[in-house]
Amino acid sequence: MSEPQKSSSSSSRTEERRSTPDILISESDGRFFQSLYEFIEHEKQYLQCSEGPDELRYTIYRSVFNKVIARATAYKRLLLTIKAEYDDVIRALQRREDESRTAQRTLAASTSHTQALTSCQRRAAQLRERVSVLQRETAELQEEIKRQESSKEQSTWIPGLTVAESEDPEALDGHLKHLEAQRAALLDRKSHCVSLEVSAELDAKLQAAEDHRDQLSAENNRLKVLYKRVRFVSDRLSSWEDEKQQVPLEELLGSTLEDVRETSMTDDDARSIDAELFEEEEPTGVDESKLLADYLDRFIELFDSAQYEEAALLAARSPRGVLRNLDTMDMFKGVKGPAGSPPPLLLFVQALLMSVPAGDELPAALSLQVVHWALQLGATQLVTHAVSHSKLTFSEDLGDILTEHAQKNPGVADMCLALATVVYQACRLDKKTALSMCRRGLIHGAAEFMKDCEDFTAEDCMWVLCRSPSLSLLQLLTKPQRGQAAILSVGVTLSTLLADPQQQEVALQLLDCFVSRGRGVLEEVILEDSSSSVDVWTDVASLCSEMNRADLSKAVLSVLLDQSGTTVLSPDLEGAQLMEHVFL
């Protein structure tokens, strides 16, 4: 067969393979067939098989055929492809046998040709034997295909559908709508359910409420007995007064107390005084334990039915704040509301802060959690309302939460820092108050605040300056005002800042500012800085030299040496060390 014919045959077989109807019944079977095709092509390229009949091609397809048999699944398209290849091999072997017989007649005298013919015959016999085996196996597979087709009505592709229904678009659409309806029903049912943990917490709270109610009932009975005895004594005294005090008071009291000890209160007595007991204190006659139990029952009912907004309002307004606690907050934190509705936790926080009267502060632990989650949920205005109306217990931790949120969220940084300033100032945390003002850019206000605070020390100023380095703040803190000494010593501050790699820049900016304004300015600063010794300024010059700022080092040393009537011998540190004896 010529090369064009071979190419045409291969192309036709490829087209036949692509046009053969697919009978795959699962995605895994599809992947299996794809792996077989890739295996065939890979082996052909690796063994360099020709397109015509070849022993190696036969071996490849036999291996593929064995894999199909091992899979134990009937695939008509692949079997037809393999069978076509085997037919080609058989026809090729027949042609080779005919050619061998022709060569035997023409070259009978040649021994070498005879041996070759014998070899070909033996090989042909082996191939015929193999072909017969393949034919037998092919017949078995065809039988398996027929059995599969006959039982196809009993097989299913999709649970709940037969093969025929799986191939019917209308049946598939109906099944899809049925599944969607089931899913919607399950989601609706899930939205009305609570987790086992929440249910257990509610049961525990209900049990605690019942125990509390029993305690109140016992206390109520005790008070009833006491009330009866007090009323009994009161009636005796009233009768004694009406009888013109005929019996001495000591004798009357003695007999009355004896009667009280011997008297027991029956249920009828208790019922008779229920209506009048403590009428002034409880004019409505409502039993507190029953009220609490009703509140808990109503809250659990609303919460279980996913009416989170109503449940939040009920919890926020509960008597004595029995539901205004972290446990209730955890319950709202553990559930999710319907799509498009506010988170249940936000509803509880909002109800809590809006229902609390101004000045009636929430507990410290609850205040922290309320502010934390309100900020996380984006309710900054709610926090502003709570802080401005004193509905929270102010603490350092509360201010830290606001400050941390401001650092992570620049969009609300100014608002959160302003609230933090209010909290810190209320807690008399002066350092953090000044730091919050600096972070808001209120440098002059922060400097005035630090100067006006009697307990604000130089160390406190350095603490603020190191956490919010600013040339403006440094100038304000080191500049004398209104005839008063500066809060910070210029020399000590520069020495401290230059020794800290993270604060060197602001210190160099201050020195550059002094030097740029003329030598007289730096000299005036050094002379007026009575809190810094020559050693301190010498240390400043040394640190500037180490930072490759010889100009600043020389300027400081020049001022120091001029005060002793000398001049600088060398602009470097060594020259300064030569004149050190002048200041000893």
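Residues numbered from 1 in each chain as written. Predicted model: local features only at pLDDT ≥ 70, side-chain atom pairs only at ≥ 80, totals over all residues. Heavy atoms only, no water.

Enquirer: Would you mind going over the overall build of the chain with me for this structure?
Expert: When you go through the chain residue by residue, the secondary structure sums to 28 helices and zero strands. Here the chain holds 584 residues, and 33% of them are scored as buried. Accessible surface for the chain amounts to roughly 34,800 Å². Of this, 51% is attributable to carbon and sulfur atoms. (Helix = DSSP H or I, 4+ residues; strand = E, 2+ residues; numbered from the N terminus. Buried < 20%, exposed > 50% of the residue type's maximum accessible area, 1.4 Å probe, protein only. Areas by Shrake-Rupley, 256 points an atom, 1.4 Å probe, with all protein chains shown as cover.)

Enquirer: Would you mind going over the packing of aromatic side chains with me for this structure?
Expert: What describes a pair of aromatic rings is the distance from one ring centre to the other and the angle between the planes of the rings. Under the defined criterion, the tally for this structure stands at five aromatic pairs. Taken together, Phe-299, Phe-303, Tyr-308, Phe-332 and Phe-348 form an aromatic cluster joined through their ring pairs. (Phe/Tyr/Trp six-rings, centres within 6.5 Å; stacked < 30°, edge-to-face > 60°.)

Enquirer: Where do I start with the side chain of Asp-529 in this structure?
Expert: Tracing the sequence through the fold places Asp-529 in the loop between α25 (519-528) and α26 (534-546). The buried charged residue Asp-529 lacks any salt bridge, with Lys-451 as its nearest oppositely charged partner at 14 Å. Here Ser-489 takes part through its side chain, which lies 2.8 Å from a polar atom of the side chain of Asp-529. Ignoring any residue separated from it by four or fewer positions in sequence, one finds Asp-529 in contact with Ser-489, Val-490, Gly-491 and Trp-537. (Lys, Arg positive; Asp, Glu negative; His and termini not counted. Salt bridge = Lys/Arg side-chain N within 4 Å of Asp/Glu carboxyl O. Polar contact = N/O pair within 3.5 Å; in protein donor to acceptor, adjacent residues only side chain to side chain. Contact = heavy atoms within 4.5 Å.)

Enquirer: Would you take a moment to explain the confidence of the model for the chain for this structure?
Expert: Low-pLDDT portions of the prediction should not be read for the details of their coordinates. Scored by pLDDT, the chain comes out at a mean of 76, with 71% of its residues at no less than 70. Here residues 1-21 is modelled with pLDDT under 50, and outside its nearest four sequence neighbours on either side it reaches 14 contacts, counting other chains as well. Across residues 565-584 the pLDDT falls below 50, and counting only partners more than four positions away or on other chains, this stretch makes 21 contacts in the model. (pLDDT = per-residue confidence, 0-100.)

Enquirer: What exactly am I supposed to notice about the pattern of salt bridges here?
Expert: If the charged atoms of two oppositely charged side chains come close together, the side chains can form a pair. Following the criterion strictly, the structure yields eight salt bridges and no others. Glu-404 is the partner of Lys-408 in a salt bridge, and the nearest nitrogen-oxygen pair spans 3.0 Å. Linking Lys-408 with Glu-404, this pair stays in helix α17 (residues 396-408), spanning four residues, or about one helical turn. Of the residues examined, Glu-404 reaches a relative accessible area of 41% and is grouped as partly exposed. Here the residues in one salt-bridge network are Glu-396, Asp-400 and Lys-432, joined through shared partners.

Enquirer: So what exactly am I meant to see when it comes to a nonpolar patch on the surface here?
Expert: A cluster of nonpolar side chains, Tyr-46, Leu-47 and Leu-56, forms an exposed patch at the surface whose accessible area comes to about 300 Å². Along the chain, Leu-47 falls in helix α2 (residues 27-47). (Patch = residues over 30% accessible without salt bridge, like charges linked within 9 Å, V, L, I, M, F, W, Y side chains within 5 Å.)

Enquirer: Where do I start with empty space enclosed by the protein in this structure?
Expert: Gaps left between atoms are located by rolling a probe of water-molecule size over the structure's atoms. Evaluated as defined, the whole model comprises four cavities of 30 Å³ or more. Volume-wise, the largest cavity comes out at about 70 Å³. In terms of lining, the largest cavity is formed by 10 residues, of which the most central are Leu-93, Arg-96, Glu-97, Cys-120 and Ala-124. Of all the secondary-structure elements, those providing two or more residues to the lining of the largest cavity are α4 (76-106) and α5 (111-150). It is α5 that contributes the most residues to the lining of the largest cavity, six residues altogether. Tallied by class, the residues present in the lining of the largest cavity amount to five nonpolar, two polar and three charged. (1 Å grid on protein atoms, 1.4 Å probe; cavity = no way out; pocket = protein on both sides within 12 Å on 5 of 7 lines; lining within 4 Å. Points joined across faces, edges and corners; volume = space filled by probe spheres on them. Nonpolar A, V, L, I, M, F, W, Y, C, P; charged D, E, K, R; others polar.)

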